[in-house]
Amino acid sequence: MQDFRALPSVDQFLQGQAGQALVARHGRAAVIAGLRARLDAARQAIHEGADGAALAQGIKAALAEDLARSATSGLRPVLNLTGTVLHTNLGRALLAEAAIKAARAAMANPLALEFDLDGGGRGQRDDHLRGLLRELTGAEDATIVNNNAAAVLIALNTLAEGREAVVSRGELIEIGGAFRMPDIMARAGAKLVEVGTTNRTHPRDYQSAITPETGVILKVHPSNYRIEGFTAEVPASALAPIAQAAGAALVNDLGSGSLVDLSAYGLRREPTVAEAVAEGADIVTFSGDKLLGGPQAGFIVGRRELIAQINRNPLKRALRLDKIRIAALEATLRLYRDPDRLAERLPTLRDLARPQAQIAAQAAGLAPQVAAALAPLGFHAAPCDCASQIGSGALPTDTIPSAGLRLTGKGGDAPDRLSARLRALPVPVIGHIRDGALVLDLRCLHDDAALLDALAAL
Ligand SMILES: *Cc1c(COP(=O)(O)O)cnc(C)c1O
């Protein structure tokens, strides 16, 4: 028998105890919408022969679950145990305490964003960062936009719109998330002139491509890939005189860009932004939330008159930064004035600089407790060595020795099953699957209790 009468009406449900409790928690509109959806589904099921009384019984619990699920944010914090420190899909750099405080103050209070406190007149929002960027990079001037993709876009649009931009075939990269250099150049209105081959480009390739129409010579950090073997690229220091002789601007897109020598932290040396400026680039662009360790932003530093030209481009207004990020960036950049304490204060460097022995000791300490939490599910946990990565295209083929926990279970799909369970936790735990196990790299775990608390919900 098709028994629709077992189902409550919306009014009946709202007046009952369970309905009232859900309304107090989630609001009337959400409960009504959720209940209607559940009732529709139940009527459909009864049409198809399901037992109305049984469905009616289950509606309360199902609705409570629906509402609880839609009330938790998809943006909730997770534990990044992937081993990739700057994980683009997990939001890249974590901000320093000083940056978080500055951002909070900027969110909660009026501030002198474009207001000159000395004269009482109008100021420029970029002024809060220009001085620091000049000091830290040695560049004549600086401007800031939404991200590094925007920095490349506005630099090319300003300096090469309707003209030619010369770039090596080995540097026409795609960075993921649909950032492809040729597409950005087309959107900037620059005519792409490719020179050299994928693996080798020589100074004469650039020289013979120069015409009166050349506006920019573009150098791009290959970021997430590396060409090995029979290769040749022209360093920016050799491109600078070629660009100068041609009356073109040399734009160097560093991608990650670092303000400090990473070899001081046990990583491989990458040219710093200051070195790129000193090599003779007219414009250098880099990201705020990669190795620099700040919020998302794109920095453009270089020659004063070119920066002024970029600032006059109407795109600048469309790509400008908000007060929250300007406040956080200012606090982040200030930390670079004291390099000796940078690794203590900047989470990105702190994580990258953690010695393997320290992480291995942490893994040994945590293994028994994690094993106990997983045993009821039929999984084992043991300490292991593993390899971390910087992420976000910085030193892509380099790994950093690390340590963690290797989680195993029965069956070929055990790592996938466990991975899904851990992702579904109220505080999701994100690891990576390797060699038939789910590996939790502990490099970015600074609070053991955070992992144990998360697993306690299993
Ligand atoms: C990451 C990267 C970009 C894009 O930077 P976003 O800050 O993510 O917009 C551009 N160029 C290079 C070389 C990069 O590595």
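Predicted model, so just to flag it, every value in this text is computed and none were measured.

K.L.:
For this particular structure, what's the right way to read unusual backbone geometry?
P.N.:
Peptide bonds are mostly trans, and most non-glycine residues show a negative phi. Positioned with a positive phi, arginine 92 is a non-glycine residue whose angle comes to about 55°. On the secondary structure map, arginine 92 appears in the loop between β1 (79–80) and α5 (97–108). Of note in this structure, aspartate 435 is not a glycine but carries a positive phi near 50°. Inspection of the secondary structure assignment puts aspartate 435 in the loop between β12 (432–434) and β13 (437–441).

K.L.:
Hey, could you run me through the packing of helix α17 (residues 356–374) against helix α19 (residues 448–456) in this one?
P.N.:
The relative placement of two packed helices is expressed as an angle between their axes plus a distance between the axes. Packing of α17 against α19 leaves a shortest axis separation of 10 Å and a crossing angle of 10°. As summarised for this structure, α17 and α19 are arranged roughly parallel, according to the angle between their axes. As α17 runs across α19, the sense of the crossing is right-handed. Here Gln362, Leu366, Gln369, Val370 and Ala373 of α17 lie close against α19, whose contacting residues are Asp448, Leu451, Leu452 and Leu455. Of the residues that constitute the contact of α17 with α19, the class distribution is six nonpolar, two polar and one charged.

K.L.:
Any chance you could explain the packing of helix α2 (residues 17–26) against helix α3 (residues 28–47) here in plain terms?
P.N.:
It is at 7 Å that the axes of α2 and α3 come closest, and there the two elements cross at 125°. Classified by the interaxial angle, the pair formed by α2 and α3 is oblique. Residues Leu22, Val23 and His26 of α2 form the contact with α3, whose own contacting residues are Arg28, Ala30 and Val31. Among the residues making up the contact of α2 with α3, the classes are represented as four nonpolar, one polar and one charged.

K.L.:
Help me understand the site of the ligand, please; the structure alone is not making it clear to me.
P.N.:
Close contacts around the ligand come from 13 residues, with Ala149, Ser223, Asp253, Ser287 and Lys290 the closest. Separating an oxygen atom of the ligand from a side-chain N or O atom of arginine 92 is a distance of 2.9 Å. Side-chain polar atom of aspartate 253 to a nitrogen atom of the ligand: 2.6 Å apart, as the coordinates give it. Against a free-state accessible area of 380 Å², the protein chains account for coverage of 94% of the ligand. Every element with two or more residues in the shell around the ligand is listed here: α7 (148–160) and β6 (249–255). By residue class, the composition of the shell around the ligand is four nonpolar, six polar and three charged.

K.L.:
Hey, could you run me through the sheet that holds β13 in this one?
P.N.:
Adjacent strands of a sheet pair through backbone hydrogen bonds, lying either parallel or antiparallel. Reading across from one edge, β9-β10-β13-β12 is the order of the four strands in this open sheet, with antiparallel pairing throughout. Of all the strands in the sheet, just β9 (379–388) and β12 have a single pairing partner and so form its edges. Each strand of the sheet is rotated relative to its neighbour by a mean of 40°, with strand direction disregarded. Helix-sheet contacts for α17 involve β9 and β10 (400–409), and the interaxial angle to β10 is about 10°. Most of the contacts of helix α18 (residues 414–423) go to β13, to which it runs at about 45°, and overall it touches β9, β10, β12 and β13.

K.L.:
Is there a simple way to explain the pattern of salt bridges in this structure?
P.N.:
Oppositely charged side chains are able to pair whenever their charged atoms sit close together. Scanning all chains against the criterion turns up 28 salt bridges. The partner of glutamate 65 in a salt bridge is arginine 69, with the nearest N and O atoms 3.8 Å apart. One end of the pair is glutamate 65 and the other is arginine 69, both in helix α4 (residues 52–71) and four residues apart, which spans about a single turn. Counted as one network, the salt bridges with shared partners bring together Arg38, Glu65, Asp66 and Arg69.

K.L.:
Looking at this structure, how should I read the side chain of aspartate 441?
P.N.:
For aspartate 441, the position within the fold is in strand β13. Although aspartate 441 lies buried, it forms no salt bridge, and the closest oppositely charged side chain, arginine 443, sits 4.9 Å away as judged by the N-O distance. At a separation of 2.8 Å, a polar atom in the side chain of aspartate 441 contacts the side chain of serine 388. Side-chain polar atoms of aspartate 441 contact the side chain of serine 402, separated by 2.8 Å. Leave out the neighbours within four places in its chain, and aspartate 441 touches Leu81, Thr82, Gly83, Cys386, Ala387, Ser388, Ser402, Ala403 and Gly404.

K.L.:
Sorry, what's going on with the pairing of β10 here?
P.N.:
When a strand is regular, its side chains alternate between the sheet's two faces. In the sheet, β9 pairs with β10 via 10 bridges, with the strands oriented antiparallel. Across the sheet, the residue bridging to alanine 381 is leucine 407, located in β10. Strand direction decides the pairing type here: β10 and β13, joined by four bridges, are antiparallel. The residue of β13 that forms the bridge with leucine 405 is leucine 440.

K.L.:
Is there a simple way to explain the packing of aromatic side chains in this structure?
P.N.:
Given two aromatic rings, their pairing is described by the distance between the two centres and the angle made by the two planes. Scanning the entire structure with this criterion turns up one aromatic pair. The aromatic ring of phenylalanine 230 is capped on one face by arginine 200, whose charged end is 3.7 Å from the ring centroid.

K.L.:
It is not clear to me how the domain arrangement of the protein chain should be interpreted in this structure. Could you clarify?
P.N.:
Note on interface size: it is often stated as the accessible area lost on association of the parts. In terms of domain boundaries, the protein chain breaks down into domain 1 (10–71), domain 2 (79–88 + 352–456) and domain 3 (133–320). Taken over C-alpha atoms, the centre of domain 2 sits 36 Å from the centre of domain 3. Tallying the contact residues gives 12 residues for domain 2 and 13 residues for domain 3. Of the roughly 1,100 Å² buried between domain 2 and domain 3, counting both surfaces, carbon and sulfur atoms make up 68%. The largest share of the area that domain 2 buries against domain 3 comes from Leu86, Leu395 and Pro396, three residues that together contribute 39% of it. At the junction of domain 2 with domain 3, the criterion picks out one salt bridge. Partitioned by chemical class, the residues of the side of domain 2 that touches domain 3 number eight nonpolar, three polar and one charged.

Thresholds, definitions, all that
- For every chain, the first residue of the written sequence is number 1, and numbering continues from 1 onward in sequence order.
- The predicted nature of this model means local features are confined to residues of pLDDT at least 70 and side-chain atom pairs, given and counted, to a pLDDT of 80 or more, with totals for whole chains, interfaces and linings taken over all residues.
- Side-chain measures were taken over the full set of non-hydrogen atoms in the model, leaving aside hydrogen atoms and water.
- Helix and strand assignments follow DSSP, with helices taken as H or I runs no shorter than four residues and strands as E runs no shorter than two, numbered in order from the N terminus.
- Axis lines are fitted through C-alpha atoms, for helices just across the contact stretch, and the angle between N-to-C directions can take any value from 0 to 180 degrees.
- For classification purposes, angles smaller than 35 degrees are called roughly parallel, those larger than 145 roughly antiparallel, those between 65 and 115 roughly perpendicular, and all remaining angles oblique.
- In this scheme, a crossing is called left-handed if the near helix is turned counterclockwise away from the far one by less than a right angle; it is called right-handed if the turn is clockwise.
- We call two residues in contact whenever any of their non-hydrogen atoms come within 4.5 Å of each other.
- In the scheme used here, Gly and all other residues not listed as nonpolar or charged are polar, with Ala, Val, Leu, Ile, Met, Phe, Trp, Tyr, Cys and Pro taken as nonpolar and Asp, Glu, Lys and Arg as charged.
- Each residue is tested against the molecule or strand, and it is near if at least one of its non-hydrogen atoms lies within 4 Å.
- Identification of polar contacts relies on pairs of N or O atoms within 3.5 Å, with a donor-acceptor requirement for protein atoms, meaning one able to donate a hydrogen and the other able to accept it, and with residues adjacent in sequence counted only if both atoms are side-chain atoms.
- Here, Shrake-Rupley sampling with a 1.4 Å probe gives the accessible areas, and only protein chains in the shown set may cover a residue.
- Here a strand pair is declared whenever DSSP counts at least two bridges between the two strands.
- For this document, the term salt bridge refers to a Lys or Arg side-chain nitrogen within 4 Å of an Asp or Glu carboxyl oxygen.
- Under the scheme applied here, a residue whose accessible area is under 20% of the maximum for its type counts as buried, over 50% as exposed, and between as partly exposed, the area being computed with a 1.4 Å probe on protein chains only.
- We score Asp and Glu as negative and Lys and Arg as positive, and we do not count His or the chain ends.
- A pair of Phe, Tyr and Trp rings is counted when the ring centres sit within 6.5 Å of each other, with Trp represented by its six-membered ring. The angle between the planes then sorts it: under 30 degrees is stacked, over 60 is edge-to-face, the rest tilted.
- The rule for a charge over a ring is simple: NZ of Lys or CZ of Arg within 6 Å of the ring centre, and within 35 degrees of the ring normal.
- An automatic or database domain assignment supplies the start and end points of every domain.
- Take the accessible area each of two parts loses on contact, using a 1.4 Å probe, and add the two losses: that sum is the buried area.

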